[in-house]
Amino acid sequence: MKTNPVIQAAIDLTAGAVGGTACVITGQPFDTAKVKMQTFPTMYQGLVDCFVKTYKQVGFRGFYKGTTPALVANIAENAVLFMCYGFCQNIVRKIAGLDRKTNLSDLQNAVAGSFASAFATLALCPTELVKCRLQAMHEMKLSGQIVQQHNTVWSVIKSVLQKDGPLGFYRGWFSTLLREIPGYFLFFGVYELSRTFLAFGKPKEELGPVALMLSGGFGGMCLWIAVYPVDCIKSRIQVLSMAGKQTGFMRTFASVVKNEG
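Computed from a predicted structure; not experimentally measured.

Visitor: Is there a simple way to think about the overall build of the protein chain in this case?
Guide: Each helix and strand in the protein chain was counted, giving nine helices and zero strands. Here the protein chain has a C-alpha radius of gyration of 20 Å; the compact-globule value for 261 residues is 18 Å, and the two agree. Dimensions of the protein chain, computed from C-alpha atoms along their principal axes, come out at roughly 60 × 35 × 35 Å. Evaluated residue by residue, the protein chain yields a buried proportion of 46% over its 261 residues.

Spelled out as structure tokens, the structure:
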């Protein structure tokens, strides 16, 4: 019996929200270190150095700067992504001339996931901008690029609104789009291929939680390996624009290649 589309959307929304929350709780310290090293590569020699210096300078709480917007960002991204994924699968079926009961191929699922990620960027970009700025605020002050340090979510939001207006929250949106569309094509593609492989000829729907976790892990690895350079550019644009450096994607990319290789 086929699940009602509205009920299925609600299930996907809830699953995405729960997944996003789990992601933030476990990964926030590593995400904070990632943003710091991406934006200020000369300040840190590696992950361990970044962790040690952050702890010495701002304490344990420094690893959880931007947790609230990170939580909102992950919940929003996963919720919108997985809710839209089901709808995008139906769109792909229509384009391919398939009926609603026909299962999509792994490639078609990858295309549907890629379509869905474009919608997710609209919710993701503003929350990631606030998150990244909070995570790198200490370094911005330390490097002398800003005078006033904003330490709360509301103070960052207020600063963006006063300086750039509502559209200021979409600094780095193009970079986010360039990251999400190919990234989630790979994520859903590898995820579905892994499920097919781990099913050993049986229906994929019968896979247990361990196989699903492994499939998601493989998909996530492929996503980040492919799009990490674009994520680095996005972080720099969103953080450094706080100091009035409104460099776009291509100029930021060229600057990184020229100065850092």
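Visitor: Would you mind showing me how to read the nonpolar core here?
Guide: Nonpolar side chains tend to gather and get buried jointly when the protein is soluble and globular. Ranked by size, the top nonpolar core spans 16 residues in total, and within it Met140, Val156, Val239 and Met242 carry the most contacts. Contributions of two or more residues to this core are made by α4 (106-135), α5 (137-142), α6 (153-164) and α8 (209-240). Considering every element that reaches this core, the biggest residue donor is α4, with four residues. Filtering out sequence-adjacent residues up to four positions away, Met242 remains in contact with Arg133, Met137, Met140, Ile146 and Lys163. With 14 residues, the next largest nonpolar core counts Leu81, Val92, Tyr184 and Val227 among its residues.

Visitor: Teacher, can you tell me more about the packing of aromatic side chains here?
Guide: Describing an aromatic ring pair means giving the distance of the ring centres and the angle of the ring planes. Per the stated rule, a full pass over the model turns up 12 aromatic pairs. With a centroid separation of 6.2 Å and 15 degrees between ring planes, the pair formed by Phe249 and Phe253 is classed as stacked. Linking Phe249 with Phe253, this pair stays in helix α9 (residues 249-260), spanning four residues, or about one helical turn. Overall, the relative accessible area of 16% leaves Phe249 in the buried class. Members of the aromatic cluster, connected to one another through ring pairs, are Phe30, Phe51, Phe60, Phe63 and Tyr64.

Visitor: Please clarify how the layout of surface pockets should be interpreted in this entry.
Guide: It is the rolling of a water-molecule-sized probe over the atoms that shows where space remains empty. Each pocket or cavity is described by its volume, and for the second largest pocket that value is around 200 Å³. Along the walls of the second largest pocket sit Arg236, Ile237, Leu240, Lys245, Thr247, Thr252, Ser255, Val256, Asn259 and Glu260, which together make up its complete lining. Listing elements by their share of the lining of the second largest pocket, those giving two or more residues are α8 and α9. Ranked by residue count, the leading element in the lining of the second largest pocket is α9, at five residues. Residue classes in the lining of the second largest pocket are distributed as three nonpolar, four polar and three charged.

Visitor: Got a minute to help me understand the packing of helix α3 (residues 67-96) against helix α7 (residues 173-199) in this structure?
Guide: Any two packed helices are characterised by how steeply their axes cross, that is the angle between the axes, and by the distance between the axes. α7 packs onto α3 with a crossing angle of 65 degrees between their chain directions and a minimal axis gap of 14 Å. α7 is crossed by α3, and the crossing has right-handed handedness. Residues Glu77, Leu81, Phe82 and Tyr85 of α3 pack against Glu180, Tyr184, Phe188 and Glu192 of α7. Here the residues of the contact of α3 with α7 sort into five nonpolar, no polar and three charged.

Visitor: Any chance you could explain α9 here in plain terms?
Guide: Given a rise of 1.5 Å per residue, 12 residues ought to cover 16 Å, and the 16 Å separating the end C-alpha atoms of α9 matches this to within 8%. Among the structural elements, α7 and α8 are those in contact with the buried residues of α9. Gly261 lies just past α9 and shows a positive phi near 80 degrees.

Visitor: Honestly, the packing of α7 against α8 in this entry has me stumped. Any pointers?
Guide: Interaxial distance between α7 and α8 falls to 7 Å at its minimum, and their mutual angle equals 170 degrees. What the angle tells us is that α7 and α8 run roughly antiparallel. The way α7 lies across α8 gives a crossing that is right-handed.

Visitor: Is there a simple way to explain the pattern of salt bridges in this structure?
Guide: Oppositely charged side chains may form a pair once their charged atoms are brought near each other. The tally for this structure, following the rule as stated, stands at 12 salt bridges. One salt bridge in this structure joins Lys36 and Glu139, with 2.9 Å as the shortest N-O distance. Of the two residues, Lys36 sits in helix α1 (residues 5-39) while Glu139 sits in helix α5, which places them 103 residues apart along the sequence. One exposure class covers both Lys36 and Glu139, and it is buried. Measuring nitrogen to oxygen at the nearest pair gives 2.9 Å for the salt bridge that ties Glu180 to Arg179. The two residues Glu180 and Arg179 agree in class, both being buried.

Visitor: Explain the side chain of Thr32 to me, please; I cannot follow it from the model alone.
Guide: For Thr32, the position within the fold is in helix α1. A relative accessible area of 1% means that Thr32 is categorised as buried. Within polar-contact distance, the side chain of Thr32 engages the backbone oxygen of Phe63 at 2.9 Å. If sequence neighbours within four positions are ignored, Thr32 has contacts with Gly62, Phe63, Lys65 and Gln135.

What counts, and at which threshold
Residues numbered from 1 in each chain as written. Predicted model: local features only at pLDDT ≥ 70, side-chain atom pairs only at ≥ 80, totals over all residues. Heavy atoms only, no water. Helix = DSSP H or I, 4+ residues; strand = E, 2+ residues; numbered from the N terminus. Rg over C-alpha atoms; globule rule 2.2 N^0.38 Å. Buried < 20%, exposed > 50% of the residue type's maximum accessible area, 1.4 Å probe, protein only. Core = buried A, V, L, I, M, F, W, Y, C linked by side-chain atoms within 4.5 Å. Contact = heavy atoms within 4.5 Å. Phe/Tyr/Trp six-rings, centres within 6.5 Å; stacked < 30°, edge-to-face > 60°. 1 Å grid on protein atoms, 1.4 Å probe; cavity = no way out; pocket = protein on both sides within 12 Å on 5 of 7 lines; lining within 4 Å. Points joined across faces, edges and corners; volume = space filled by probe spheres on them. Nonpolar A, V, L, I, M, F, W, Y, C, P; charged D, E, K, R; others polar. Axes fitted to C-alpha atoms, helices over the stretch in contact; angles between N-to-C directions. Left-handed = near helix turned anticlockwise from the far one by under 90°. Expected span 1.5 Å × (residues − 1). Parallel < 35°, antiparallel > 145°, perpendicular 65-115°, else oblique. Salt bridge = Lys/Arg side-chain N within 4 Å of Asp/Glu carboxyl O. Polar contact = N/O pair within 3.5 Å; in protein donor to acceptor, adjacent residues only side chain to side chain.

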